[in-house]
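Coordinate inspection notes
One-letter residues, chain by chain:
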Amino acid sequence: QVQLVESGGGVVQAGGSLRLSCATSGRTFSSYDMGWFRQAPGKQRELVVGITSGGSTNYADSVKGRFTISRDNAKNTVYLQMNSLKPEDTAVYYCAARRAYRVQYEYWGQGTQVIVSS
């Protein structure tokens, strides 16, 4: 079982930056693919960016060039650096994990709220 705990959300003005962190439990973090998802009010949850155990990334078009995912396997933590934030980035952001070669993400954090004011 993997436990995920997000932090770093908050309120920021448009054009500002935030860095989200997702700390994980377990001894096999480096073997997991990790992802950041978000869900805005009245909308479906969407994948923001994923990073494989090997470090390959996949960004949603809406965040390319503004958001950066990284992982620190020594700290069992994945980060999401969000720059040039827009009001449409407002959402609850979730961290997720899956074992390698799985299609679906298996483990989820509780989410952290990001609000971008105009």
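Given the structure is predicted, the values throughout are model-derived calculations rather than measurements.

Looking now at the pairing of strand S5 (residues 46–51). By the bridge criterion, five bridges tie strand S4 (residues 32–39) to S5 in an arrangement that is antiparallel. When the bridges of S5 are listed, Trp 36 appears paired with Val 49. Between S4 and S5, which pair antiparallel in sequence order, lie six residues; one of them, Gly 42, sits at a positive phi of approximately 75 degrees. With antiparallel pairing between neighbouring strands as the criterion, S5 and strand S6 (residues 57–59) make up a hairpin whose turn holds five residues, including Gly 55 at a positive phi of roughly 100 degrees.

Here Asn 76, not a glycine, exhibits a phi torsion of approximately 55 degrees, which is positive. Structurally, Asn 76 is set in the loop between strand S7 (67–72) and strand S8 (77–82). Here Tyr 101, not a glycine, exhibits a phi torsion of approximately 75 degrees, which is positive. Within the element layout of this structure, Tyr 101 appears in the loop between strand S9 (91–99) and strand S10 (107–108).

Here we take up the nonpolar core. With 30 residues, the main nonpolar core has Met 34, Trp 36, Val 78, Leu 80, Met 82 and Tyr 93 as its most contacted residues. Among the secondary structure elements, those contributing two or more residues to this core are strand S3 (18–24), S4, S5, S7, S8, S9 and strand S11 (112–117).

Time to look at the packing of aromatic side chains. On inspection of all chains with the given rule, the structure shows four aromatic pairs. Each ring, one from Tyr 32 and one from Tyr 107, has its centre 6.2 Å from the other, and the planes form 65 degrees; the classification is edge-to-face. Separated by 75 residues along the polypeptide, Tyr 32 in strand S4 and Tyr 107 in strand S10 bring together distant segments of the chain. This pair shows no difference in class: Tyr 32 is buried, exactly as Tyr 107 is. Centroid distance Phe 37 to Tyr 105: 5.1 Å. Interplanar angle 80 degrees. Geometry classified as edge-to-face. With a gap of 68 residues between them, Phe 37 in strand S4 and Tyr 105 in the loop between S9 and S10 connect regions that are remote in the sequence. With respect to class, Phe 37 is no different from Tyr 105; both count as buried.

With that settled, the discussion passes to the side chain of Arg 66. Locating Arg 66 in the fold gives a position in the loop between S6 and S7. The exposure class of Arg 66 is buried, given its relative accessible area of 10%. Of the polar contacts made by the side chain of Arg 66, one reaches the backbone oxygen of Ser 62; its length is 2.8 Å. Discounting chain neighbours no more than four positions away, the residues touching Arg 66 are Gln 81, Met 82, Asn 83, Ser 84, Leu 85, Lys 86 and Asp 89.

About the thresholds
- Residues numbered from 1 in each chain as written.
- Predicted model: local features only at pLDDT ≥ 70, side-chain atom pairs only at ≥ 80, totals over all residues.
- Heavy atoms only, no water.
- Pairing = 2+ DSSP bridges.
- Helix = DSSP H or I, 4+ residues; strand = E, 2+ residues; numbered from the N terminus.
- Core = buried A, V, L, I, M, F, W, Y, C linked by side-chain atoms within 4.5 Å.
- Buried < 20%, exposed > 50% of the residue type's maximum accessible area, 1.4 Å probe, protein only.
- Phe/Tyr/Trp six-rings, centres within 6.5 Å; stacked < 30°, edge-to-face > 60°.
- Polar contact = N/O pair within 3.5 Å; in protein donor to acceptor, adjacent residues only side chain to side chain.
- Contact = heavy atoms within 4.5 Å.

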